[in-house]
Amino acid sequence: MKIYLLLLLPWLPAFATAQQDKKLANKISYASSYELGILAGKAYTPFTARIIQGVRYQNYEAGIGVALDPYAFRSVPVFIHVAYHLYNGRNTPYAYGDAGISFPWNNGALPEKYTDPRSGQQGEDWHILHNGVYGEAGIGYKIMLNKRNAFIMNAGYSYKKFKYDEFVNIWNGNESIRIKQGYSFDYNRLVFRLGFTL
Amino acid sequence: MKKMHLHALAACLLIVCAIVLPGCVKDRGMKRTTVFVPVLKTTAEVRDAIKSDVPEDVSQPGKIYLYGKYIFLNELGKGVHIIDNSNPAAPVNKAFIHIPGNEDIAVKGNILYADCFTDLMAIDISNPEAVKLQSFVHNIFPERQYIFGYDMGANNVVTKWEARDTVMEIEVADGQGIWRNGNFYSPYYYVTDNMMYLASSFNGAKSDAVTMPNGKGGSMARFALMNNYLYTVSWSKLNVVNVTNSSAPEWNKTVDLANWGIETIFPFKEKLFIGSQMGMYIYDVSNPEAPVKQGTFEHVRTCDPVIADDDYAYVTLHAGTRCGENFNQLDVVDIKNLDAPQHVKTYPLTNPHGLSKDGNLLFICDGEDGLKVFNASNVTSIQQLAKIDMAPTYDVICYNGIAIVSAKDGLYQYDYSNSSNIRLLSKIVLKQQ
């Protein structure tokens, strides 16, 4: 449920977009972007999407974003976004950086509890998922469609960490013992996106 | 126009990057786990070290063997406790024999037969407090050379496993740590030359081998003595060992049972009743060196100890982690015609394991339900006489009015000379893990 709330959160300010008039370039103004793209990693290349809501001031943008990141283990990163545009109010290259937390979104592939196949009753802990850090940095190009809206494309490097603990009963040659083993994954990807800003 | 060219150039650049650059990035996975490293001894060292040591706490009881005033109790994978049971109300733990890999025992005369991984040991126990190895049969259980794929070699044994916390790298590129087709691929266990990385999940269920102590002369033994022969069963084989000279056993032959999942053997009147996961097999040993299959009673795939008397065999089926089915019951089988055993009746139970019969009294270890005592004078109408609540029970031996019961928390002895007033005589408490 928390995951769905995270996904909905950035959309809320968008309802106010229509209410806003054009702002002068040197005033703080509302900014949002909606992007689709691919995460190109060593393993494979899934699609990704993200939404950023924030403010724009002169050549700078800052905001909060949420993304859907299906690479390796599906997760929902929530992050702080900052960007610097070379030019203000016209077509421009830009650079950006994101930093935040990646929330794993389990579809049952790593069950939380052991389940008795006969009774269906849940038993001891099995997997515990942990949030990991998330970061991204890249460059892009913004093509103004009108004075406010623009088409954007960007490319960058994206990193997310995924960790989980697994409890297993193992046979050590003489007896069965319960141990906790930890897994930690560093996923490094290149990201390419297209989108638009409001 | 110039702007359009710039936009097209930027788009092309992105596409080229998307195709070319992913090969430059690499995922990385780490696993923090417990690695068990075998501590090896040569078989010669182990044989030299077989002697009576100071008594040790019982922590993982295995098979039980009664001999004279002594109880020989297997400590799973480690050796044999010698317990002086002169007074069943106050048994005394007298000594411990270190036998790595020991799971099964039997006693003939003053000789204790015990497996030590691949070998069969013949140990003189005439003075239980100063036992002595008499001889051994090498490699009679060749399948025991491997533990989860770890090959000890023919001349080594694993005396213990040392746990070490370890961090290892995971090959994410091989698919581990990657979600595909709805599955997240976790690393599995693997074995190298000198280490055993154990990380395989048993789905939360503890291995039967850990918690299923067994009993001599009862339903869960894998060694059976009959006259001058020792019969042992393994996964699919029956070994015939001539013990006419008790201290120098001779391995005569190995019979392929043509079935797998063999679990128990019960000797009765020149017959061997062999319990397997697929059924009960009756072998005739009129010629003790040449067992011949005489009858079969097949059933669903479960774990099944078996005992027998003149006319009937009693088979308990229980669902277990290794056994694959979900049946918990007692089957009574008419064996008056050994060539064609006939099913008589099934009685539902909770999770039956070992069983024992004395006269008309039938004792069944029914897992979480403790020990149950039945009147089996009429096999078509077996009546429960008593239910003794206790920790989960695994096996029982009835002898001379005393029932020795192995349970999860200890070894109990009950006096059943008055079946309407079965009373606890003593309990050897297990050392907590």
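Use the structure listed above.
Remember, it's a predicted structure, so these values are computed and weren't measured experimentally. Each chain carries its own residue numbering, running from 1 in the direction its sequence is written. Note on labels: chains are lettered from A, ligands numbered from 1, in written order. Local features are withheld for residues below a pLDDT of 70 in this predicted model, meaning they are given only at 70 or higher, and side-chain atom pairs are given and counted only at 80 or more; totals for whole chains, interfaces and linings count all residues. Here the side-chain values reflect all heavy atoms present in the structure, with hydrogen atoms and water set aside.

Remarks on the nonpolar core
Residue and element names in this part refer to chain B.
No. 1: We define the nonpolar core as a collection of buried residues of types Ala, Val, Leu, Ile, Met, Phe, Trp, Tyr and Cys that are connected through side-chain atoms lying within 4.5 Å of one another. The buried label applies to any residue whose accessible area, calculated with a 1.4 Å probe on protein chains only, is under 20% of its type's maximum; exposed applies above 50%, and partly exposed to all values in between. Ranked by internal contacts, the top residues of the largest apolar core, which has 41 residues, are F72, L112, Y113, L120, I123 and L230.
No. 2: Secondary structure elements are taken from DSSP: a helix is a run of H or I of four residues or more, a strand is a run of E of two residues or more, and numbering for both begins at the N terminus. Broken down by element, the residue count for this core peaks at five residues, all from strand β8 (residues 111-116).
No. 3: Boundaries of every domain are those given by an automatic assignment or by a domain database. Looking at which domains feed residues into this core, each of domain 1 (39-165) and domain 2 (203-433) gives three or more.
No. 4: By definition, residues are in contact when any of their heavy atoms lie within 4.5 Å. Leaving out residues up to four positions away in the same chain, L120 has contacts with Y113, A114, D115, S135, F136, V137, I140, F141, F223, L230 and V241.
No. 5: Counting residues in each nonpolar core, the second largest holds 27 residues, with L330, V333, V379 and I382 among its members.

Quick notes on the pattern of salt bridges
No. 1: Salt bridges, as used here, are contacts in which a Lys or Arg side-chain nitrogen is within 4 Å of a carboxyl oxygen on Asp or Glu. Taken as a whole and judged by the stated rule, the model has 28 salt bridges over all chains.
No. 2: One salt bridge connects R56 of chain A with E61 of chain A, and the closest N-O pair in it is separated by 3.1 Å.
No. 3: With a relative accessible area of 13%, E61 of chain A lands in the buried category.
No. 4: Taking the shortest distance from any N to any O, the salt bridge between R32 of chain B and D165 of chain A comes out at 3.8 Å. Of this pair, R32 of chain B sits in strand β1 (residues 28-42) while D165 of chain A sits in strand β10 (residues 150-171), each in a different chain.
No. 5: For D165 of chain A, a relative accessible area of 10% puts it in the buried group.

What about a nonpolar patch on the surface?
Residues and elements named next belong to chain A.
No. 1: Judged by side-chain polarity, Y60, Y84, L86 and Y87 come together as a nonpolar surface patch covering roughly 400 Å² of accessible area.
No. 2: The topology assignment puts Y84 in strand β4 (residues 75-85).
No. 3: For Y84, a relative accessible area of 36% corresponds to the partly exposed category. Every patch collects residues that have over 30% relative accessible area and no salt bridge, joining them within 9 Å if they carry like charges and within 5 Å if they are nonpolar side chains (Val, Leu, Ile, Met, Phe, Trp, Tyr). Methods summary: accessible areas were calculated by the Shrake-Rupley approach with a probe of 1.4 Å, and residue burial reflects only the protein chains presented.

Looking at the sheet that holds strand β34 (residues 393-399) of chain B
What holds strands together in a sheet is hydrogen bonding between their backbones, with the strands either parallel or antiparallel.
Residue and element names in this part refer to chain B.
No. 1: Reading across from one edge, β34-β35-β36-β37 is the order of the four strands in this open sheet, with antiparallel pairing throughout. Each edge of the open sheet is held by one strand with a lone partner, namely β34 and β37 (423-429). Neighbouring strand axes in the sheet, compared pairwise and without regard to direction, differ in orientation by 20 degrees on average.
No. 2: Here the rule is simple: two strands pair whenever DSSP picks up at least two bridges between them. Bridge analysis of strand β35 (residues 402-407) against strand β36 (residues 410-415) gives six bridges, and the strand direction is antiparallel. By the bridge assignment for β36, S406 is matched with L411. To get an axis, a line is fitted to the C-alpha atoms, and for a helix only the part in contact is used. The angle between two axes follows their N-to-C directions and goes from 0 to 180 degrees.

Quick notes on the pairing of strand β3 (residues 60-68) of chain A
Residue and element names in this part refer to chain A.
No. 1: Relative to β3, strand β2 (residues 47-57) is paired through nine bridges, and the arrangement is antiparallel. Opposite V55, over in β3, you have A62 as the bridge partner.
No. 2: In sequence, β2 turns back onto β3 through a hairpin of two residues, with Q58 there showing a positive phi of about 50 degrees.
No. 3: Both β3 and β4 contribute to a ladder of seven bridges, which runs antiparallel. Across the sheet, G63 pairs through a bridge with H81, a residue of β4.
No. 4: Where β3 folds back onto β4 in an antiparallel hairpin, the turn is made up of six residues, including A72, whose phi is positive at roughly 60 degrees.

A look at the packing of aromatic side chains
All names here are of chain A.
No. 1: Stacked, edge-to-face and tilted labels apply to pairs of Phe, Tyr and Trp rings (six-membered ring for Trp) whose centres lie within 6.5 Å, assigned for plane angles under 30 degrees, over 60, and everything in between, in that order. Across all of its chains, the model carries 19 aromatic pairs over all chains by this definition.
No. 2: Both rings, one in F185 and one in Y187, keep their centres 5.8 Å apart while their planes meet at 5 degrees; by these two values the pair is stacked.
No. 3: Taking relative accessible area as the criterion, F185 reaches 0% and is therefore assigned buried.
No. 4: Here the aromatic cluster, defined as three or more aromatic residues joined through ring pairs, consists of Y44, Y71, F73, F162, Y164, Y183, F185 and Y187.
No. 5: Counting as a charge over the ring demands two things of the Lys NZ or Arg CZ atom: a distance within 6 Å of the ring centre and an angle within 35 degrees of the ring normal. Its end group placed over the ring of W105, R74 keeps NZ or CZ at 4.2 Å from the ring centre.
No. 6: Against the face of Y87 rests R90, its NZ or CZ located 3.9 Å from the ring centre.

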